[in-house]
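Chain by chain, the residues run as shown.
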Amino acid sequence: MTSTEITRLEIRRPDDWHVHLRDGEMLARVAPYTARQFARAIVMPNLNPPVTTVEAASAYRERILAALPSGTAFTPLMTSYLTDRTDPADLERGHAEGVYTAAKLYPAHATTGAAHGVTDVKNIYPALEAMQRIGMPLLVHGEDTDPQVDVFDREAVFIEKTLTGLVRDFPALKIVFEHITTEDAADFVRDGGPNIGATITPQHLIINRNAIFAGGIRPHAYCLPIAKRERHRLALRRAATSGSPKFFLGTDTAPHAVSAKENACGCAGIFNAPFALESYVKVFDEEGALDRFEAFASENGPRFYGLPLNEDRVVIERAETVVPERLGEGGAALVPFHAGETLGWQFAPASG
Ligand SMILES: NC(=O)N[C@@H](CC(=O)O)C(=O)O
Ligand SMILES: [Zn+2]
Ligand SMILES: [Zn+2]
């Protein structure tokens, strides 16, 4: 069957292996979108202050569950924010107690909420040794932070200056190279051992860097790592649809208030949770790879993490979905990815 003849996908319920659920009112506003489409999500710890202890992660998990309508079947998978002072014993205890699923490396100042990040990876070597020993995955925001490095080269420079050494020094550590944006990263992951994987966002499969400057500056197309040239987007599409088990779904949904996006110093982050599956399926459809979508969305992630696959199923149909310009009212409104566009797929269509 050619792709255009497929009008309905029924797949295991997907998981989102990279989300920002925020906290407080924003958490209540955004978490239901992720819980609507996904069974589980890896929750990023870049709150203010960051989630650096088992107690903080456990309390955050409770706030996430409390923010969802009762009866919602959704499992937040918590992460620890690594700092120069991370205590390996905290990681081991959190992992053993089932609180931490993974730990996150933000190079200091690399992105939103990374001010408390790691200044030199050598500082977390004791933590990484413990994680390697207990099988706890390391999640990496892979951008070099040297201000001399061009913003479009930061991911490639990070591979060369940091990631290659980490993989060499911790050959048995599970590493997820998060939200990859370049052909360099896709090749590095493809050519690496079985314990290196990567998440890919919808935006990096759909836009290139021109979108940030289309007719004027477009703050809602700005995220980190920043979208790159077309050849990188094409390489990411090949990686995502290749059938390789190393690449899996991670939206990096990163909501910010409209006033923080449409600003002289706008925040990085794209809020893609509301139509995430529609967005990814569009890409797999365009690439003639709808038959590979279930593995990318629902199988490769849990297998990499060593978690069971979801048993329930979801339906995504070929049907028009109009994406609103804004979701929510007044100051609480958020601009979703694809605002104002019509997508050709619809998640969980009303029966009939
Ligand atoms: N992706 C982004 O542009 N922003 C994320 C941080 C991150 O994932 O780097 C955020 O928390 O806003
Ligand atoms: Zn990041
Ligand atoms: Zn992120």
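Reading the values: the criteria
Residues numbered from 1 in each chain as written. Chains lettered and ligands numbered in written order. Predicted model: local features only at pLDDT ≥ 70, side-chain atom pairs only at ≥ 80, totals over all residues. Buried ≥ 20, exposed ≤ 12 C-beta atoms within 10 Å, placed from the backbone. Helix = DSSP H or I, 4+ residues; strand = E, 2+ residues; numbered from the N terminus. Arc of directions from axis to C-beta. Contact = placed C-beta atoms within 7 Å. UniProt positions renumbered as here; feature names shortened; annotations may be inferred. pLDDT = per-residue confidence, 0-100. Pairing = 2+ DSSP bridges. Right-handed = clockwise from strand over helix to strand, strands pointing away.

1. Quick look at helix α6 (residues 183-191)
The set of residues buried in α6 consists of A185, A186, F188 and V189. Projected down its long axis, α6 carries its buried residues within an arc of 160 degrees, all on one side. Looking at the buried positions of α6, the neighbouring elements they touch are α5 (154-169), β7 (175-177), β8 (196-200) and α8 (230-240).

2. Details of the UniProt feature "modified residue: N6-carboxylysine" (unreviewed entry) in the protein
UniProt records the feature "modified residue: N6-carboxylysine" (unreviewed entry) for K104 in the present numbering. Relative to the helices and strands, K104 resides in strand β5 (residues 100-105).

3. A few points about the confidence of the model for the protein
The pLDDT averaged across the protein works out to 97; a share of 98% of its residues lies at or above 70. The ipTM for the predicted assembly is 0.99, set against a pTM of 0.98.

4. Regarding the pairing of β8
With five of five residues buried, β8 is to be regarded as a mostly interior element. Covered by surrounding structure in β8 are I196, A198 and I200 together with G197 and T199, the residues of both alternating faces. Bridge analysis of β7 against β8 gives three bridges, and the strand direction is parallel. The partner of V176 across the bridge, within β8, is G197. In this region the chain leaves β7, passes through α6 and returns to the parallel neighbour β8; the handedness of that crossover is right-handed.

5. Details of the UniProt feature "binding site: Zn(2+) 2" (unreviewed entry) in the protein
With numbering aligned to this structure, UniProt lists the feature "binding site: Zn(2+) 2" (unreviewed entry) at K104, H141 and H179. A maximum C-alpha distance of 12.8 Å places the annotated residues, which cover 76 residues in sequence, within one compact spot. On the basis of neighbour count, K104 is assigned to the buried category, with 26 C-beta atoms found within 10 Å. Each residue touching K104, except ones within four places of it in the same chain, is listed here: M44, P45, T79, S80, Y81, L82 and L139. If near-sequence neighbours (up to four positions away) are discounted, H141 is found in contact with L105, Y106, P107, A110, T111, A114 and E178.

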